[in-house]
Amino acid sequence: MRKIDHLVVLFLAFLFNGCQEFIHDSFDTFSGRLVNESGQPISGVELVLTQELDFTDFQNPVSISSIYTVRTDLSGRFRFVVPSKNFNNFYYLQIKPPYRFEIDFNGEKNFRNYTEVFSSERDAFGVVSLGDLTAVEK
C-alpha cells in the first residue's frame, strides 16, 4: 500500500473509533424549578452544579470547582446537562446569595446554600427531575 493509502485508513480508523466513543457516552440532565415560599417562580438566580464543596465555613460552603453555572429563567426553571461516565454520581447544587434553599429535614426547616443531587435518580431518558426547590432570601 502506498503511504497515502495508509494515512487514509488510519484516519478512517480514528474517525470510526471517535464516533463509537461518542455513541457509548451518555448524559444526565438535572432539571427543576426554583420557587419562593408561596410557590411563585424565582427568576435570575444563579445556581452552580459542582462535585466538591469547601466546608471550612460550615454555614456557607463554597464550590471548589464548578461544573456548570446557570441562571433560572422567567419561570424559575433551570437545567444542567453533564456527561455520565461515572454512574451514580453525587453532586451539589449551590445557590448564590442572597438566597438559601429551604430543606425539610425530618419535618424541620433548614436553610442552606446547597443541596445534594444524585444522578442515580435518573429516569430511563437520563433525566433527574428535582421538581420545585424552595428558596428564601436570607
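Heads up: these notes are all about the structure in this document. (Residues numbered from 1 in each chain as written. Predicted model: local features only at pLDDT ≥ 70, side-chain atom pairs only at ≥ 80, totals over all residues. Heavy atoms only, no water.)

1. Quick word on the pattern of salt bridges
Within this structure, the stated rule accounts for 5 salt bridges. A salt bridge links arginine 33 to aspartate 132, with the nearest nitrogen and oxygen atoms 3.0 Å apart. With arginine 33 in strand β1 (residues 27-35) and aspartate 132 in strand β11 (residues 127-137), this residue pair connects regions lying 99 residues apart in the sequence. Of the residues examined, arginine 33 reaches a relative accessible area of 18% and is grouped as buried. Arginine 112 is paired through a salt bridge with glutamate 116; the nearest N and O atoms lie 3.2 Å apart. Judged by its relative accessible area of 22%, arginine 112 falls in the partly exposed class. Its relative accessible area of 30% is what places glutamate 116 among the partly exposed residues. (Salt bridge = Lys/Arg side-chain N within 4 Å of Asp/Glu carboxyl O. Helix = DSSP H or I, 4+ residues; strand = E, 2+ residues; numbered from the N terminus. Buried < 20%, exposed > 50% of the residue type's maximum accessible area, 1.4 Å probe, protein only.)

2. Let's talk about the nonpolar core
Core analysis: the biggest nonpolar cluster contains 21 residues, and Phe30, Leu47 and Leu93 have the highest contact counts within it. Elements that contribute at least two residues to this core include exactly β1, β2 (46-50), β6 (77-83), β7 (90-95), β8 (99-105) and β11. Once you skip the residues sitting within four places of it in the chain, phenylalanine 30 turns out to touch Leu49, Phe78, Arg79, Phe80, Val82, Tyr91, Val117, Phe118, Ser119, Val128 and Leu130. (Core = buried A, V, L, I, M, F, W, Y, C linked by side-chain atoms within 4.5 Å. Contact = heavy atoms within 4.5 Å.)

3. With respect to the side chain of arginine 33
Of the polar contacts made by the side chain of arginine 33, one reaches the side chain of aspartate 132; its length is 3.0 Å. Beyond its immediate chain neighbours, meaning those up to four positions away, arginine 33 contacts Gly39, Pro41, Ser75, Gly76, Arg77, Phe78, Gly131, Asp132 and Leu133. (Polar contact = N/O pair within 3.5 Å; in protein donor to acceptor, adjacent residues only side chain to side chain.)

4. With respect to unusual backbone geometry
With an omega dihedral of 10°, the bond running from proline 97 to proline 98 counts as a cis peptide bond. With respect to the secondary-structure elements, proline 98 resides in the loop between β7 and β8. In the Ramachandran plot, asparagine 106 falls in the positive-phi region, its phi being about 55° despite a non-glycine side chain. With respect to the secondary-structure elements, asparagine 106 resides in the loop between β8 and β9 (108-112). On the basis of relative accessible area, asparagine 106 is assigned to the exposed category, the value being 72%.

Function cannot be read off these values alone, since they describe shape.
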